[in-house]
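# Reading the structure
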Amino acid sequence: MSRHGRRPLRDAVEAAALRGLLTAFRSLPYPASMALGRAVGRLVGEVDRAHLRRAEAHIADGMGPEGALETARAMYAHVGMCVAEMAWVEGRSARGEIGRWVRIEGMEHVKAGLEKGKGLAIVTGHLGNWELGAVAMAAAGVPISVVARPLDNPLLDETLNRIRRAGGSEVL
């Protein structure tokens, strides 16, 4: 058994499915890739009922029960789209094209902080596609380290961290 009582066969099947999806996301035109990502995210939410219900409960705790399930489902669609976007941008960011999709506001503050020679901490929530923010900062010449909790499936975790490193981030 792997982490959290998971089974290696399940981990391997999930990783193989993700590799196939990443290939599809990279090869499709951007709008089709995003639509597929949202659809896959919604499907994962419906299949993974336990986590969907947990997300619904957390949302209800913070915002009230009305609309909590719909918000949780939308969250799954959004995460699916973020994964598609990361795969789609992965090869393109290496060619310096990230600026076509991500605009950094306030870069002068980042540069001023870095010029002091003491380093800089940027804290962000999971708003929009936070992963693309790290890629854009790295492409702009800002050294980036990201803090990330390991995923339950170590094979998926390895894949995500490979994508993060390819985008210029050090993963802590």
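Scope of this entry: the structure provided in the associated data block. Source: prediction; values computed, not measured.

With that settled, the discussion passes to the overall build of the protein. Counting its regular elements, the protein contains seven helices and two strands. On the principal axes, the C-alpha backbone points of the protein span a range of 50 × 40 × 35 Å. By the burial criterion, 34% of the 172 residues in the protein qualify as buried. When contacts within the protein are restricted to residue pairs at least 6 apart in sequence, long-range pairs at least 24 apart make up 68% of them. If you average the places of the 23 positive and of the 19 negative side-chain charges in the protein, the two averages end up 4 Å apart.

With that settled, the discussion passes to helix 1 (residues 8-27). For helix 1, with 20 residues, the first-to-last C-alpha span of 29 Å sits near the 28 Å given by 1.5 Å per residue. Of all the positions in helix 1, only Asp11, Ala15, Leu18, Leu22 and Phe25 are classed as buried. Taken around the axis of helix 1, the buried residues stretch over an arc of 85°, which confines them to a single face. Counted as exposed and oriented over 90 degrees from the buried face of helix 1: Leu9, Val13 and Ser27.

Before going further, it helps to spend a moment on the nonpolar core. Counting residues in hydrophobic clusters, the biggest one holds 18 residues, and the most contacted among them are Leu22, Ile98 and Leu132. By residue number, the principal contributor to this core is helix 4 (residues 68-93), which donates six residues.

Thresholds applied
- Residues numbered from 1 in each chain as written.
- Predicted model: local features only at pLDDT ≥ 70, side-chain atom pairs only at ≥ 80, totals over all residues.
- Heavy atoms only, no water.
- Helix = DSSP H or I, 4+ residues; strand = E, 2+ residues; numbered from the N terminus.
- Buried < 20%, exposed > 50% of the residue type's maximum accessible area, 1.4 Å probe, protein only.
- Contact = heavy atoms within 4.5 Å.
- Lys, Arg positive; Asp, Glu negative; His and termini not counted.
- Charge placed at Lys NZ, Arg CZ, Asp CG, Glu CD.
- Expected span 1.5 Å × (residues − 1).
- Arc of directions from axis to C-beta.
- Core = buried A, V, L, I, M, F, W, Y, C linked by side-chain atoms within 4.5 Å.

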